[in-house]
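Residue-level listing of the chains:
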Amino acid sequence: MNKTVDNWEPKIVAFLCNWCSYAGADLAGVSRLQYPPNLRVIRVPCSGRINPLYIVKALQQGVDGVLVSGCHPGDCHYISGNLVARRKFALLKNFLAYLGIEPERVQFSWVSASEGSRFAALIEKVVDEVKELGPAKKLVKKGL
Amino acid sequence: MDGLDGVQRMKSTIIKVENKDTLRSLRKFLGRLMESKFVEALLVPKLLPGGDGFVQSLIKDSRMLEDANPIAPTMAVQSARILSELTSSPFDGRIGVVLKPCELRAAVEMVKFLQVNLDNVVTIGVDCPGTYEVGDYAEMVKKDRELSPQAFLEGASEGEIRPRQGYNFRECCQICEYPVPLNGDITIGLLGLDHSKEILLMAGGRFEKELAQKFSLELKEGNSANREKVIEKVTHKRREQRVKVIDELKERVNIIEKFMQTLSTCIRCHNCMNVCPICYCKECVFKSLVFEHRSEQFLNWADRRGAIRMPGDTLIFHLTRMSHMATSCVGCGMCDSACPSDLPISSLFGLIGSELQEMFEYVPGRDAAEEPPVSVFKEDELQAEAGSE
Ligand code: SF4
Ligand code: SF4
Ligand code: FES
């Protein structure tokens, strides 16, 4: 894609739930699985802790993509934090899409602590998709 | 809470209007509610001493009803906000509150967020033909000292509601799909009735029996066919206008650059938020440390971009507010009226909100028993939106 500047690598902020996806990332590391190094991981106690504001802020500060990953439905350490998170997330994503923010830039997923390879594959996919889109400029703090 | 299933389940009766004085008959009815101790106090719009506006007033002495106007054509403050103050702690007796349809919907919405308690409140919803900006009304009165409050009901019988010559209804009223209260312990119906002769009184649910007994009302099932027709007519027209306004706005905000352009005159005074009945957090994030940046931070941003606008965070302010409460916005337009830059905030909420409300099949203020979308979930939903396989 010509949108991709030479040597440009996307920056992606990943909000990972402490109880699952963060451990999944750990496992991927311990298992020496290779995945792209574009992540900036922020550990959160539960995906339900994510405020839509964090996602918007991250985009505004110039990240190219945001990933939120929590426990699988039914496995949330706090019972249903992830299901509430899904609603908040769907809501935010819906209106960001409305304003022309590509859906691939903000992604939501479930990864458990034992899914090291799933985590690696997910990151591969997210990074690829964001690369395809090119750098995010739309929300970056400018005039407003 | 029971009895909040909307107009259909209500029973009704006709109150005769004496000497074509609708307002007087309405006051008389309110007076009876007070004198009979059905309610201890009444919250109702009252004429300002200067005669050029109205303000919700809490009345304890029924003689003070003399210049009350339950059909006041302005909305200086959204009464759901007043209700949240008024019902914040236990009190004895019942308070009756006269509310416009959007105020009632906001109040019901706030019950869900535990900001309003309607246990000891008798909600009295009144049909609303539309409201004017406070300043416009003051001007009308200045021009015509004799302006009768009843003049504002013109066209309500046939559903041919037009604003007074030279003025327009507030934009949100022009596109409001709810000219009649959705629920309410008592509803005062004006649309589709010859208001110089009669008013419709509807009661449903929890106070129905008590009302019928105390005031020997003959409450009957069903709604008049003409009223239904007129409501449909008014709603239809407004819905058409709504689609038009929203489509136009869509063009103006459908990509983020245009969205920012549209909001570029926002001075971040927070008026829109302060008057909104739905924005209720005691500790607002915009007044928290999250938005108190360090001096170095500002300089860094300015350094990175060459220049930054001050005060900043406008975009994030609006996006956050939207993600917090677009599903509950009742479209009362208080934000528009309060905005010094004349920004179409309520239409924007209407645009984004109605899509989100549809996504969750949610109508704010329809029923207090309905959970707001962001506080509930289903096990099996939103697979696509949340990107899970
Ligand atoms: S009232 Fe208007 S100017 Fe003030 S913060 Fe809201 S949108 Fe901006
Ligand atoms: S956002 Fe505006 S229109 Fe919506 S409830 Fe708040 S004040 Fe009313
Ligand atoms: S604890 Fe992992 S999503 Fe709630």
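This structure is a prediction, so every number in the text was calculated from the model and none was measured.

Thresholds, definitions, all that
Residues numbered from 1 in each chain as written. Chains lettered and ligands numbered in written order. Predicted model: local features only at pLDDT ≥ 70, side-chain atom pairs only at ≥ 80, totals over all residues. Heavy atoms only, no water. Helix = DSSP H or I, 4+ residues; strand = E, 2+ residues; numbered from the N terminus. Expected span 1.5 Å × (residues − 1). Buried < 20%, exposed > 50% of the residue type's maximum accessible area, 1.4 Å probe, protein only. Contact = heavy atoms within 4.5 Å. Near = heavy atom within 4 Å. Nonpolar A, V, L, I, M, F, W, Y, C, P; charged D, E, K, R; others polar. Salt bridge = Lys/Arg side-chain N within 4 Å of Asp/Glu carboxyl O. Core = buried A, V, L, I, M, F, W, Y, C linked by side-chain atoms within 4.5 Å. Domains from an automatic or database assignment. Buried area = accessible area lost by both parts, 1.4 Å probe. Polar contact = N/O pair within 3.5 Å; in protein donor to acceptor, adjacent residues only side chain to side chain. Pairing = 2+ DSSP bridges. Right-handed = clockwise from strand over helix to strand, strands pointing away.

Some remarks on helix α3 (residues 101–112) of chain B
All names here are of chain B.
Part 1 of the argument: For α3, spanning 12 residues, the distance from its first C-alpha to its last is 17 Å, which sits close to the expected 16 Å at 1.5 Å a residue.
Part 2 of the argument: Among the 12 residues of α3, 12 are classified as buried, and the element is accordingly described as predominantly covered.
Part 3 of the argument: Among all positions of α3, only P101, C102, E103, L104, R105, A106, A107, V108, E109, M110, V111 and K112 are buried.
Part 4 of the argument: Where α3 is buried, its residues touch β3 (54–59), α2 (79–86), β4 (95–99) and β5 (121–126).
Part 5 of the argument: In the segment just after α3, L114 is the residue with positive phi, at about 60°.

What about the site of ligand 1?
Residues and elements named next belong to chain B.
Part 1 of the argument: Near ligand 1 lie 13 residues; those nearest to it are C266, C269, H270, C272 and C339.
Part 2 of the argument: Elements with a minimum of two residues in the shell around ligand 1: α9 (271–275) and α11 (314–325).
Part 3 of the argument: A class-by-class count of the residues in the shell around ligand 1 yields nine nonpolar, three polar and one charged.

Here we look at the pattern of salt bridges
Side-chain pairs of opposite charge can arise whenever the charged atoms involved come near each other.
Residue and element names in this part refer to chain B.
Part 1 of the argument: Going through the model one piece at a time under the given rule, you end up with 20 salt bridges over all chains.
Part 2 of the argument: We note a salt bridge from E208 to K11, for which the minimum N-O separation is 3.1 Å. Here E208 is found in helix α6 (residues 208–214), whereas its partner K11 is found in strand β1 (residues 11–16), with 197 residues between them in sequence.
Part 3 of the argument: Among the charged side chains, a network of salt bridges with common partners joins E160, K233 and K237.

Notes on the nonpolar core
Part 1 of the argument: Formed by 84 residues in total, the largest nonpolar core has its most connected members in I55, V66 and F95 of chain A together with F259 and L319 of chain B.
Part 2 of the argument: Shared between two domains, this core takes at least three residues from each, and those domains are domain 1 (5–242) and domain 2 (255–375) of chain B.
Part 3 of the argument: Formed by 32 residues, the second largest nonpolar core is a distinct cluster that contains I15, V39, I186 and L211 of chain B.

Quick look at the interface of chain A and chain B
Part 1 of the argument: Counting residues at the interface gives 35 residues for chain A and 50 residues for chain B.
Part 2 of the argument: Roughly 3900 Å² of surface becomes buried between chain A and chain B when both sides are summed, with 64% attributable to carbon and sulfur atoms.
Part 3 of the argument: At the junction of chain A and chain B, the tally comes to zero salt bridges.
Part 4 of the argument: Between chain A and chain B we count two residue pairs in polar contact (both at pLDDT 80 or more) in total.
Part 5 of the argument: If you list the elements that add at least two residues to the side of chain A that touches chain B, you get α2 (52–60), α3 (81–98) and β4 (106–110) of chain A.
Part 6 of the argument: It is α3 of chain A that provides the largest number of residues to the side of chain A that touches chain B, a total of 14 residues.
Part 7 of the argument: For the side of chain A that touches chain B, a count of residues per class yields 18 nonpolar, eight polar and nine charged.

As for the pairing of strand β3 (residues 65–70) of chain A
Residues and elements named next belong to chain A.
Part 1 of the argument: With six of six residues buried, β3 is to be regarded as a mostly interior element.
Part 2 of the argument: Across the two faces of β3 the burial is the same, with G65, L67 and S69 and V66, V68 and G70 all buried.
Part 3 of the argument: The sheet contact formed by strand β1 (residues 12–17) and β3 spans five bridges and is parallel. Bridging across to β3, L16 finds its partner in S69.
Part 4 of the argument: Across five bridges, β3 lies against β4 in parallel orientation. The partner of V68 across the bridge, within β4, is F108.
Part 5 of the argument: Handedness of the crossover is the feature at issue here: the chain leaves β3, passes through α3, returns alongside β4, and the resulting connection is right-handed.

A look at the domain arrangement of chain B
Residue and element names in this part refer to chain B.
Part 1 of the argument: Segmentation of chain B into domains returns domain 1 (5–242) and domain 2 (255–375).
Part 2 of the argument: Centre-to-centre separation of domain 1 and domain 2, based on C-alpha positions: 29 Å.
Part 3 of the argument: In this assembly, 25 residues from domain 1 lie in contact with 29 residues from domain 2.
Part 4 of the argument: Counting the surface lost from both domain 1 and domain 2, the interface buries some 2100 Å², and carbon and sulfur atoms represent 54% of this.
Part 5 of the argument: Summed over the shared surface of domain 1 and domain 2, the result is zero salt bridges.
Part 6 of the argument: Inspection of the domain 1/domain 2 interface yields 15 residue pairs in polar contact (both at pLDDT 80 or more).

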